[in-house]
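Letter by letter, the chains look like this.
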Amino acid sequence: MTTTILTRELVLSAPVNLRDLGGIPVSGGVLRSGVAIRTDDLALVTDDVAASLERDGLTAIVDLRSPAEVGITGRGPFGSRAVSYHHLPLMADIGRDMRRQHSLTHEAMGESYVSMFESCGSQLVTALNVIAYTPGATAFHCAAGRDRTGVLAAALLLALGAHDDDIVTDYAKTGANMPAIVDRISCVMGPMLAQLGFDESRLRMGGLAEGDMSVSMRRLLGHLRGSYDEPLEPLRRAGLSDDTVARLRARAVDARAGAGAAAPTGANAA
């Protein structure tokens, strides 16, 4: 794999799918800015971008990429900065998982989100604890900042009591960014796909470039609400505690906008 990958130079650039989750309605208020940032690959940023994010309060990174992806880029410019790093892959073997993904449709991606939420509970719980106890902002990312990142964003927002519609609205914001995302990550993902035996055109996402991408997130949320007494049950089984949820709420909820905010998770499920 190394030989193939090194035939294409890594191109460092600013993220094209980065957003602070601040302002999303949650139970008792809105999510406070400067706590949780979702983004595309931070290992590909320039040193200037890394410095800017650190100055703005970034103190922790949760990297959801597979070991193979991390093996190509490492931490990038953040490797020399005083930002804590937590590698919590939601895909242990990206090649195996992609081979199982027979079709790239929004419905199929939703099924993969269900699988991540149910099989990677310990990683998601650890990530929520990082966000809960990090003194500054935590940024979490995969490659595109869409799928694995979207699953963690959903877990965080569910823990804070956000309504499904608000979770989906945030998730769907990535749709407009997909052409720029694909261009940005192609220096890593293109050669990797080729090495795994896939046509590089698969990177253009096939059916995922068309239609309503919210289908994927609604599939995850619908499954969680229809299969469990509460949507966080898979994470509860993996160790998510009331103390962690309380700490998340204490850090992340701005109660000043409490009027009209989301109902608690249990009421949300009704």
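Before reading further, recall that the structure is shown in the block above.
Residues numbered from 1 in each chain as written. Predicted model: local features only at pLDDT ≥ 70, side-chain atom pairs only at ≥ 80, totals over all residues. Heavy atoms only, no water.

Trainee: So what exactly am I meant to see when it comes to the side chain of R184 here?
Mentor: With respect to the secondary-structure elements, R184 resides in helix α9 (residues 178-195). In this structure R184 comes out as buried when scored by relative accessible area, which is 7%. Within the structure, the side chain of R184 is placed 2.9 Å from the backbone oxygen of D41, a separation counted as a polar contact. With residues up to four places along the chain from it excluded, the contact list for R184 reads S13, A14, P15, V16, D40, D41, L44 and V45. (Helix = DSSP H or I, 4+ residues; strand = E, 2+ residues; numbered from the N terminus. Buried < 20%, exposed > 50% of the residue type's maximum accessible area, 1.4 Å probe, protein only. Polar contact = N/O pair within 3.5 Å; in protein donor to acceptor, adjacent residues only side chain to side chain. Contact = heavy atoms within 4.5 Å.)

Trainee: Which parts of the structure should I look at to understand the nonpolar core?
Mentor: Nonpolar side chains in soluble globular proteins tend to be buried together. Grouped together as the largest cluster of nonpolar side chains are 55 residues, with contacts concentrated most on F117, L156, M217 and L235. Within the residue set of this core, elements represented by two or more residues are β5 (58-63), α5 (106-119), α6 (121-133), α7 (147-159), α8 (164-172), α10 (214-227) and α12 (242-252). Considering every element that reaches this core, the biggest residue donor is α7, with nine residues. Not counting residues up to four positions away in its chain, the partners in contact with L156 are L21, L31, A36, L128, I131 and L248. Judged by nonpolar contacts, the second largest core, of 13 residues, contains L44, I72, V188 and M192. (Core = buried A, V, L, I, M, F, W, Y, C linked by side-chain atoms within 4.5 Å.)

Trainee: When you look at the pattern of salt bridges in this model, what are you seeing that I'm missing?
Mentor: Oppositely charged side chains are able to pair whenever their charged atoms sit close together. For the structure shown, the criterion picks out 15 salt bridges. Note that D63 is salt-bridged to R65, the shortest N-O span being 2.8 Å. For the pair shown, D63 and R65 are each scored as buried. R237 is the salt-bridge partner of E233, the closest N and O atoms lying 2.5 Å from each other. Remark: R237 and E233 occur in helix α11 (residues 233-237); sequence separation between them is four residues, near one turn of the helix. Among the residues examined, E233 registers a relative accessible area of 17% and is labelled buried. Residues participating in the shared-partner salt-bridge network are R19, R38 and D170. (Salt bridge = Lys/Arg side-chain N within 4 Å of Asp/Glu carboxyl O.)

Trainee: Would you mind going over the packing of α5 against α10 with me for this structure?
Mentor: When two helices pack together, their arrangement is given by the angle between the helix axes and the distance between those axes. Look at α5 against α10: their axes get within 7 Å of each other, and the N-to-C directions meet at 45°. With respect to α10, the axis of α5 lies oblique. Once α5 is placed against α10, the crossing between them reads as right-handed. Within the contact between the two elements, α5 uses H106, E107, M109, G110, E111, Y113, V114, F117 and E118 and α10 uses V215, S216, M217, R219, L220, H223 and L224. Of the residues belonging to the contact of α5 with α10, the class tally is eight nonpolar, four polar and four charged. (Axes fitted to C-alpha atoms, helices over the stretch in contact; angles between N-to-C directions. Parallel < 35°, antiparallel > 145°, perpendicular 65-115°, else oblique. Left-handed = near helix turned anticlockwise from the far one by under 90°. Nonpolar A, V, L, I, M, F, W, Y, C, P; charged D, E, K, R; others polar.)

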